[in-house]
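A structural walkthrough
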Amino acid sequence: MSIKVNFGYAENCIKENELTAIQGEITNADSALRGGTGLGNDYLGWIDLPVNYDKEEFARIKECAEKIKKDSDVLVVLGIGGSYLGARAVIEFIKSNNYNLVVGDTPQIYFGGNTLSSSAVVELKKLIDGKDFSVNVISKSGTTTETAVAFRFLKQIAEEKYGKQGAAERIYVTTDRKKGALKALADSEGYETFVVPDDVGGRYSVLTAVGLLPIAVAGIDIDALMKGAADARIKYMNPDITANECYKYAAVRNLLYRSGKKMELMVSYEPSMTMWNEWLKQLFGESEGKEGKGLYPASVVFSTDLHSLGQYIQQGERLMFETVTWVKNPIADIEVPFDEINGDGLNFLAGKTMHYVNERAFRGTLLAHTDGSVPNIVIEIDRQDEYNLGELIYFFELACGISGYVLGINPFDQPGVESYKKNMFALLEKPGYEELKNILTERLK
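Being a predicted model, the structure only gives us computed values, none of them experimental.

A few points about the nonpolar core
Judged by nonpolar contacts, the single largest core of 96 residues is most densely connected at Trp 276, Trp 279 and Phe 396. Counting residues per element, this core draws most heavily on helix α13 (residues 386-407), which supplies 13 residues. Those residues in contact with Trp 276, other than ones at most four positions away along the chain, are Ala 89, Phe 93, Thr 325, Leu 389, Leu 392, Ile 393 and Phe 396. Counting 21 residues, the second largest nonpolar core, distinct from the first, contains Leu 124, Val 137, Ala 168 and Tyr 191.

Now the structure itself:
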């Protein structure tokens, strides 16, 4: 297996007896999770998903991905939160954060329906102008404002360009199996449909059709992705934290939280992992930020952000620890050239690979930050490929579930997300919100 976790740069902030003592809480969390007796037990389908998934749908995903590759220059993916972050994170992690500029023989993939910015909608229309495109709209209900509004524009453009029947052959819907506005529309219009499982929440859905269709269109091997997750499912079954690095990570981050740390800084050293960090932030932020509890998830990409946030991390308030995902073997490498003038004084690097330089920066930063009393957990993977990423996805999903139960909250709901929606609907004068609109209008004066 590919993942290796080094706790050596964090354990000095934790007493040995604390790790021993928390084992009981980890064991109880494992029992609740796997036995389905804990909070949010209606949303545990992700646990066995890597082996217990719809094989027929999986085959259709591959078939539709091949069709899109053949008939489309662009795939537009419409979704918000877990409906798009996972897919985008995987595509950029495996391919490049510049995927749309270096796509090769696969379609460009643009993500929309995740904002209410008018400029973003206009720009998306420009990006597909004059190009053959398909649309994958992802929404459990079909009424999520950001996604539904964007789909109105894309549906209209597709029908004007290809006709109603032609558009129907280019629109792919990922939604509820039986009900909802989007499901009803898909059935009436004859769109190809895929299922958002009832027992898998959005932030855990990347290995369902929610993520797999866009990922497959990008030319990524979804079989290898699922294999990595399936092997991780077996690897991390033992509740003993001395034998299970995933559970030990959940234990250590909870102990650091109890010691006064309020923020977990997700760190990577590859720009292609920027969206991976964003996926992690949703996974942990939406799962744990409840009841006045939870670590605040933030992220950086080094060495870039060392020139903007490095000062605070090194010498600011001691409120954080870092979880670093380090890639042992990069996607590509190149040697630093020799310069006869040597005006920058960097000829001592000539002949060394850029990855070697990056690795030295990683080691130096690790030591500097730990010397500055910032605990570090280092998660090393062998390479940025499908198998490694499948394991990494499962590692963090499982750690999040266990960690949430240890924290004493429901890690599978998100009640706080509804507050802004109610206010927004009232201010937009949606029928049924008249009383709330009057209250909010008065408050905004």
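A short note on the sheet that holds strand β9 (residues 320-329)
Across the sheet, which stays open at both edges, the five strands sit in the order β1-β10-β9-β7-β8 with mixed pairing between neighbours. Strand pairing shows two members of the sheet lacking a second neighbour, β1 (4-6) and β8 (296-301), which therefore form its edges. On average, each strand axis in the sheet is inclined to that of its neighbour by 20°, with strand direction left out of account. Examined bridge by bridge, strand β7 (residues 263-268) and β8 share six bridges and lie parallel to one another. Residue pairing in the sheet places Met 263 in a bridge with Tyr 296 of β8. Taken strand by strand, helix α12 (residues 354-371) contacts β9 and β10 (376-383), and its axis lies near 160° from that of β9. Together, β1, β9 and β10 form the strand contacts of α13, whose direction differs from that of β10 by roughly 150°.

Considerations on the pairing of strand β5 (residues 171-175)
Most of β5 sits inside the fold, with five of its five residues counted as buried. Residues Ile 171, Val 173 and Thr 175 line one face of β5 and the alternating positions Tyr 172 and Thr 174 line the opposite face, and both faces are buried. Alignment of strand β4 (residues 133-138) against β5, held across four bridges, turns out to be parallel. Its bridge partner lying in β5, Val 137 is registered against Val 173. Note on the crossover from β4 through helix α5 (residues 145-168) to β5: the handedness is right-handed. Bridge analysis of β5 against strand β6 (residues 192-195) gives four bridges, and the strand direction is parallel. By the bridge assignment, Thr 175 is partnered in β6 with Val 195. Since β5 and β6 lie parallel, the crossover through helix α6 (residues 181-189) that links them has a hand, and here it is right-handed.

Conventions adopted
- Here the residue index of a chain counts from 1 through its sequence in written order.
- This being a predicted model, a pLDDT of at least 70 is required before a residue's local features are given, and a value of 80 or more before pairs of side-chain atoms are given or counted; all residues contribute to the totals for chains, interfaces and linings.
- Hydrogens and water are ignored here; the side-chain numbers use all heavy atoms of the structure.
- Definition used in this section: a nonpolar core is a set of buried Ala, Val, Leu, Ile, Met, Phe, Trp, Tyr and Cys residues joined via side-chain atoms within 4.5 Å.
- Any residue under 20% of the maximum accessible area for its type is buried, any over 50% is exposed, and the rest in between are partly exposed; the area is computed with a 1.4 Å probe on protein chains only.
- Only DSSP runs of H or I reaching four residues or more are called helices, and only runs of E reaching two or more are called strands; each is numbered from the N terminus.
- Should any heavy atoms of two residues lie within 4.5 Å, those residues are counted as being in contact.
- When DSSP finds at least two bridges between two strands, those strands are taken to pair.
- Axes here refer to lines fitted to C-alpha atoms; in helices the fit is confined to the stretch in contact. Angles between the N-to-C directions go from 0 to 180 degrees.
- Place the viewer so that the strands point away; then a crossover is right-handed whenever the path from the first strand over the helix to the second strand goes clockwise.

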